[in-house]
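Architecture and fold: a report
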Amino acid sequence: MNPTNKFTSSRLYQLLGSTRKARIVSSSALLLALITFGAAGVAPLAPDAADLPVTSVAQELALPDLATQISALQPEANHFIHEEKIRAGDTLATLLTRLGVTDEAAANFIKQDKVARGVMQLRAGKRVQAQTTEDGRLQWLRATVVDGKDIPVTNIMVTRKGEAFTAAELPAKLERRVEMHARDITTTLFAATDSSPDGTRLPDAISAQIVEMFSTNIDFRSDLKRGDHFEVVYETFWQDGELVKVGRILAGEFTNRGTTYQSVWFEDPASKMGGGYYSLDGKSLKKAFLKSPLEFSRISSGFSMRVHPISGNWKKHKGVDFAAASGTPIRASGDGVVESIGMQSNGYGNMVVLKHWSNYSTAYAHMSGFARGLKKGMKVSQGDVIGYVGSTGWSTGAHLHYEFRVANEARDPNAVNVTAQAPLTAAELARFRSVSADMMHRFNLLRPSGLTLASR
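Residues numbered from 1 in each chain as written. Predicted model: local features only at pLDDT ≥ 70, side-chain atom pairs only at ≥ 80, totals over all residues. Heavy atoms only, no water.

Looking at helix α4 (residues 104–112)
Residues of α4 that are buried include every one of Ala106, Ala107, Phe109 and Ile110, and no others. Along the axis of α4, the buried residues cluster in a sector spanning 160°; they form a single face. What points out from α4, more than 90 degrees from its buried face, is the exposed set Glu104 and Gln112. In the core, the buried residues of α4 are packed alongside α3 (92–98), β3 (138–145), β4 (154–161) and β5 (164–171). (Buried < 20%, exposed > 50% of the residue type's maximum accessible area, 1.4 Å probe, protein only. Helix = DSSP H or I, 4+ residues; strand = E, 2+ residues; numbered from the N terminus. Arc of directions from axis to C-beta. Contact = heavy atoms within 4.5 Å.)

What about helix α7 (residues 426–446)?
With 21 residues, α7 extends 31 Å from end C-alpha to end C-alpha; this agrees with the ideal 30 Å at 1.5 Å per step. Those residues of α7 that sit buried are Glu428, Leu429, Phe432, Ser436, Met439, Met440 and Phe443. Looking straight down α7, one finds its buried side chains confined to an arc of 110°; they lie on one side. Along α7, exposed side chains directed more than 90 degrees from the buried face belong to Arg433, Ser434 and Leu445. (Expected span 1.5 Å × (residues − 1).)

Here's the deal with the sheet that holds β4
Across the sheet, which stays open at both edges, the five strands sit in the order β1-β2-β3-β4-β5 with antiparallel pairing between neighbours. Two strands lie at the open edges of the sheet, namely β1 (79–85) and β5, each paired on one side alone. The mean inter-strand angle of the sheet, taken between neighbouring strand axes irrespective of direction, is 15°. Judged from the five bridges that link them, strand β2 (residues 127–133) and β3 form a sheet pairing that is antiparallel. Of the residues in β3, the one forming a bridge with Ala130 is Leu141. Against the sheet, α4 contacts β3, β4 and β5, and its axis sits at roughly 45° relative to β5. (Pairing = 2+ DSSP bridges. Axes fitted to C-alpha atoms, helices over the stretch in contact; angles between N-to-C directions.)

A short note on the sheet that holds strand β6 (residues 175–184)
Taken together, five strands build an open sheet; the order of strands is β6-β7-β8-β9-β10 and the sheet is antiparallel. Looking at strand neighbours, the two that pair on one side only are β6 and β10 (276–278), the edges of this open sheet. Each adjacent strand pair in this sheet contributes to an overall mean axis angle of 30°, direction not counted. Looking at chain direction, strand β9 (residues 259–266) and β10 are connected through three bridges and run antiparallel. Note on β10: the bridge partner recorded for Val264 is Tyr278. Lying on the sheet, helix α6 (residues 204–214) is in contact with β7 (229–239), β8 (242–256), β9 and β10; it crosses β8 at an angle near 35°. Together, β6, β7, β8, β9 and β10 form the strand contacts of α7, whose direction differs from that of β9 by roughly 130°.

Structure below.
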């Protein structure tokens, strides 16, 4: 044999052997993989289904009482809830008709019950809700009563119990919101508060507070100029999505003819005195005491010697008498705390004494009645209504007897020079700066981008 052929045959045999081994190894690996996959994928189906044992399990399951749950989530069957707003000229009959109430017993109860009658005193625009049966029998009626800025808001609730009715006055759960708005003056302040590009109208109570807040620096009848502007931060109170009442301005800034005035409300929770408005450096912006506790009145008797109208004796009159019609609201002349309230046996009649800062106090006598909710220890702010003019005690006619006291000694209020409130203490000033910084941040958010207080 040719050596070359011998080599070639031998080499070819080796190559074929190697290839065969490789194929055998590959085939073995593939076979193992198939066996493994088949075991994993087919093994559960290996037995014949007809040969599997059959076991029956019977168990009673308690179904939930869906009818009870559904009825708890929806109003009573054939009961309807109505909502209406009081309209100008409404009578109880017209209001109940719009609410779908045709229930003479309910109407008579509302007319006669002292609490329920409050529904008839609601102002136009206030909301009333009622639930009735299909035939118009009243189940319950609810209305919200707002008597004044500092008097708690209450809900009147009239409820049917069988064939009888009950009425209760319950405290309202209000949501407090803080609102911020900026306006440019084009003609008048009220034109600016009544309209804006976004359609938001500022409440009349806020417009009045703006005037009161800045009237010592700005004459709103003649000083306003086109291009003046203001920013205001104030609080509102809501119930079930309805605006119930407007609170006070928390901060205001008014630029008039290039001069900017600022005011921040501050009430220190650690102080017994009421809150007040301050400039950014913490100085009070109002006088400590009003000149008169009555808005419209005249002095009928001053702080002087006189003949007493009842005893006829010549004696010193230790106060100032303001003549006014019975029922005229009496305002707190300064921030303070109610020191005493009630009927006095020494001729003063119904009387309130307020304790102010330092050793100052004021007394208000011969009242016909006290402000609703007023009680001993309550904080009051300057201008708050504390009672009403009357003629109780030793009085010959309706008037307010007003005393200004220093260390419990009556003094002539017109001769005492108290021009400012008590200055803030160091601790109060630190807390005030935190409040004022927050309000300044709010003002900056209302201003055009990049325009800050420092650039004005």
